[in-house]
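Summary of the model geometry
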Amino acid sequence: MGSRRVLDPCAGLLSNYEVFEFLKEKKASRVETKSARAPSSVGPLAADRVANVEDQVLQYLSTTPAASQSAENIQEFLNVMLESGLTKAEKLQLINCRPKTMVEIYVIVEACEERLSEQHTEVLLSIVDRYFAPGASE
């Protein structure tokens, strides 16, 4: 995975996986350059605080489904979901939350009872499980 830069912070939605990978790369880069102590555009105290917050977010994300996902599984999932009728935000929530029950689907999908049948909801759960169950990215 190459170096990534945030070109436009308001350009779109990011999955927890993308944030997790970005912060892992940033931490690795920070560790590599720590001995060189490159000059920062903010003071050293502020840079340490930002690094601390990033580390806490990274630690939290390591306990979420993002830690066991892969870019390939996410892309395959999105390809399968092209004709699902779900919004981008709903698909993102399915990726981030990895729902396991119909109740969770009903919380994620707006007006779910009007838009999806019970059978469609069960199919959705099986698709999420296929691509995002622990070990699915291995």
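Below: a short report on this structure. Just so it is clear, the structure is predicted and the values come from calculations on it, not from any experiment.

1. Details of helix α4 (residues 88-97)
- When we look at burial in α4, the residues that qualify are Glu-90, Lys-91, Leu-92, Leu-94, Ile-95 and Asn-96.
- Positive phi shows up at Arg-98, right after α4, with a value of about 45°.

2. Describing the nonpolar core
- In this structure, Phe-77, Leu-94 and Ile-105 are the most contacted members of the largest nonpolar core, which totals 23 residues.
- Every element with two or more residues in this core is listed here: α1 (16-34), α2 (44-61), α3 (71-80), α4, α5 (102-108) and α7 (118-132).
- It is α7 that contributes the most residues to this core, 6 residues altogether.
- Once residues lying within four places of it in the same chain are set aside, the contact partners of Ile-105 are Leu-94, Pro-99, Cys-112, Leu-116, Thr-121, Leu-124 and Leu-125.

3. Here we look at the packing of α3 against α7
- In contact at an axis separation of 9 Å, α3 and α7 are set at 160° when each is read in the N-to-C sense. Regarding the angle of α3 to α7, the classification is roughly antiparallel. You can see that α3 and α7 cross each other, and the crossing is right-handed. Contacts between α3 and α7 pair Asn-73, Ile-74, Glu-76, Phe-77 and Val-80 from the former with Ile-127, Val-128, Tyr-131 and Phe-132 from the latter.

Definitions and limits used
- Residues numbered from 1 in each chain as written.
- Predicted model: local features only at pLDDT ≥ 70, side-chain atom pairs only at ≥ 80, totals over all residues.
- Heavy atoms only, no water.
- Buried < 20%, exposed > 50% of the residue type's maximum accessible area, 1.4 Å probe, protein only.
- Helix = DSSP H or I, 4+ residues; strand = E, 2+ residues; numbered from the N terminus.
- Core = buried A, V, L, I, M, F, W, Y, C linked by side-chain atoms within 4.5 Å.
- Contact = heavy atoms within 4.5 Å.
- Axes fitted to C-alpha atoms, helices over the stretch in contact; angles between N-to-C directions.
- Parallel < 35°, antiparallel > 145°, perpendicular 65-115°, else oblique.
- Left-handed = near helix turned anticlockwise from the far one by under 90°.

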